[in-house]
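Coordinate inspection notes
Listed below are the residues making up each chain.
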Amino acid sequence: MTTYKGNAGNLMQHWTLCELLDIAGKHTSGLNFIDAHAMAPLARERTSTDPKFSRVQEGLSRKKSPYEEAWQRLTPRGGYPNSAAFVKKVWNGDFSLLLCETNPSTIQKIKPWLKRVERSELFQGDWRKRFDEGLPSPSEVGLADDSLTLFSFDPYMYNSRRRFDDPKKRCPGNLYPDDIERALLAMSNLEGGVLIQLSTYSTNDGNSQGAVISSVNSIMVARAFTLCAVVRVNRKMMSLVYARNVSWSAELADLPDGFEKWLSRKC
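As a starting point, this report considers the structure included with it.

The rules behind the values
- Residues numbered from 1 in each chain as written.
- Predicted model: local features only at pLDDT ≥ 70, side-chain atom pairs only at ≥ 80, totals over all residues.
- Heavy atoms only, no water.
- Helix = DSSP H or I, 4+ residues; strand = E, 2+ residues; numbered from the N terminus.
- Rg over C-alpha atoms; globule rule 2.2 N^0.38 Å.
- Buried < 20%, exposed > 50% of the residue type's maximum accessible area, 1.4 Å probe, protein only.
- Contact = heavy atoms within 4.5 Å.
- Phe/Tyr/Trp six-rings, centres within 6.5 Å; stacked < 30°, edge-to-face > 60°.
- Axes fitted to C-alpha atoms, helices over the stretch in contact; angles between N-to-C directions.
- Parallel < 35°, antiparallel > 145°, perpendicular 65-115°, else oblique.
- Left-handed = near helix turned anticlockwise from the far one by under 90°.
- Nonpolar A, V, L, I, M, F, W, Y, C, P; charged D, E, K, R; others polar.
- Arc of directions from axis to C-beta.
- Polar contact = N/O pair within 3.5 Å; in protein donor to acceptor, adjacent residues only side chain to side chain.
- Salt bridge = Lys/Arg side-chain N within 4 Å of Asp/Glu carboxyl O.
- Core = buried A, V, L, I, M, F, W, Y, C linked by side-chain atoms within 4.5 Å.

Moving on: the overall build of the protein. Helix and strand content of the protein: nine helices and 11 strands. In terms of overall dimensions, the protein is globule-like: its C-alpha atoms have a radius of gyration of 17 Å, near the 18 Å expected for 267 residues. Projecting the C-alpha coordinates of the protein onto the three principal axes gives extents of approximately 45 × 45 × 40 Å. Residue burial in the protein is summarised as follows: out of 267 residues, 55% are buried. Within the protein, residue pairs in contact and separated by at least 24 positions form 72% of the contacts whose partners lie at least 6 positions apart.

Turning to the packing of aromatic side chains, a few remarks are in order. With the rule as written, the count across this model stands at 17 aromatic pairs. Summarising the aromatic geometry, the rings of phenylalanine 131 and phenylalanine 151 are spaced 5.9 Å apart at their centres and angled 55° between planes, so their arrangement reads as tilted. In this pair, phenylalanine 131 is assigned in helix α6 (residues 127–132) and phenylalanine 151 in strand β8 (residues 148–153), connecting sequence segments 20 residues apart. Taking relative accessible area as the criterion, phenylalanine 131 reaches 1% and is therefore assigned buried. Three or more aromatic residues joined by ring pairs make a cluster, and in this case those are Tyr4, Trp15, Phe53, Tyr67, Trp71, Tyr80, Phe86, Phe259 and Trp262.

Here we come to the packing of helix α1 (residues 8–24) against helix α4 (residues 83–90). α4 packs onto α1 with a crossing angle of 30° between their chain directions and a minimal axis gap of 10 Å. It follows from the interaxial angle that α1 and α4 lie roughly parallel. Note on packing geometry: the crossing formed by α1 with α4 is right-handed. On α4, the residues touching Gln13, His14, Leu17, Cys18 and Leu21 of α1 are Ser83, Phe86, Val87 and Val90. Of the residues assigned to the contact of α1 with α4, the class counts are six nonpolar, three polar and no charged.

Among all positions of helix α2 (residues 51–58), only Phe53, Ser54 and Val56 are buried. For α2, the angular spread of buried residues about the axis comes to 165°, placing them on one side. Of the residues flanking the start of α2, the one acting as N-cap is aspartate 50, its side-chain oxygen 2.9 Å from the backbone nitrogen of lysine 52.

Of note, the phi angle at methionine 39 is positive, near 65°, even though the residue is not glycine. One can find methionine 39 in the loop between β2 (30–35) and β3 (42–43). One non-glycine residue, aspartate 205, adopts positive backbone phi at about 60°.

Opposite charge on two side chains permits pairing when their charged atoms draw close. The full count for this structure, using the stated rule, is 11 salt bridges. Across the salt bridge formed by arginine 182 and aspartate 132, the nearest N and O atoms sit 2.5 Å from each other. In this pair, arginine 182 sits in helix α7 (residues 177–187) while aspartate 132 sits in helix α6, placing the two residues 50 residues apart along the sequence. The exposure class assigned to arginine 182 is partly exposed, which follows from its relative accessible area of 33%. A salt bridge links arginine 170 to aspartate 179; its shortest N-O distance comes to 3.4 Å. Aspartate 179 sits in the buried class, given a relative accessible area of 1%.

Once that is clear, we can look at the nonpolar core. Grouped together as the largest cluster of nonpolar side chains are 55 residues, with contacts concentrated most on Leu31, Tyr67, Trp71, Leu97, Leu99, Leu195 and Leu252. Per-element tally for this core: the top contributor is α1, with 10 residues. The contacts of leucine 97, once residues within four sequence positions are left out, are Phe33, Ala84, Val87, Trp113, Leu114, Val117, Arg119, Ser120 and Glu121. Membership of the second largest hydrophobic core comes to 31 residues, among which are Leu98, Phe151, Met187 and Met220.

Printed below as a string of structure tokens:
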């Protein structure tokens, strides 16, 4: 059975994603969504007892944000959706999905679900290998030229260390500086506007939130990306939102305050 954390990190990640979709939908007709860590479209078994998540889940029938509205509609009998499911439910225009997943049981859950999506691809393996093959611009997957490409990176954590004395200490489920450089190289030829949501859930190994932001910024800025928002749920978990060639990116500046207000009302 596929599992989900069911914690405040989920709230942070997917509230932010749904707000990005809601804002972007006012400006562009299509969405090219690329997820490096796909997960299952519907996970049934919760592995956390975080009370913040429980309170939001229990209150889904009340007045809702785009996130809560989609969550309730996607899980009338319980469980939790993945990012692609939220995209499919929230986005009102044309869209495409490129999902990367390594876990065999999760892949088997994604396959039948993805058959119902016209423009879609499932890469069965590490996202790094798929990115090395080159990434599609919106027009290459049948979307309008003004469509947005939105990337989701949902690793265990971002680790700013570049070198390890023992290579075995490097975790493939984490994100490292050379991973970002590798991803940005794959994005270099994409047409149109690009948004990146990078979520991290731990400050282990000396990776304070400040150190992470400094490390990621040093790479992103060199590739013409701008940091638009830092959405935090605590001192360990945060989502960074970056934009390139997005004329309306200033509208994303209110995301941190919006999330804090939303969460305080719910919890």
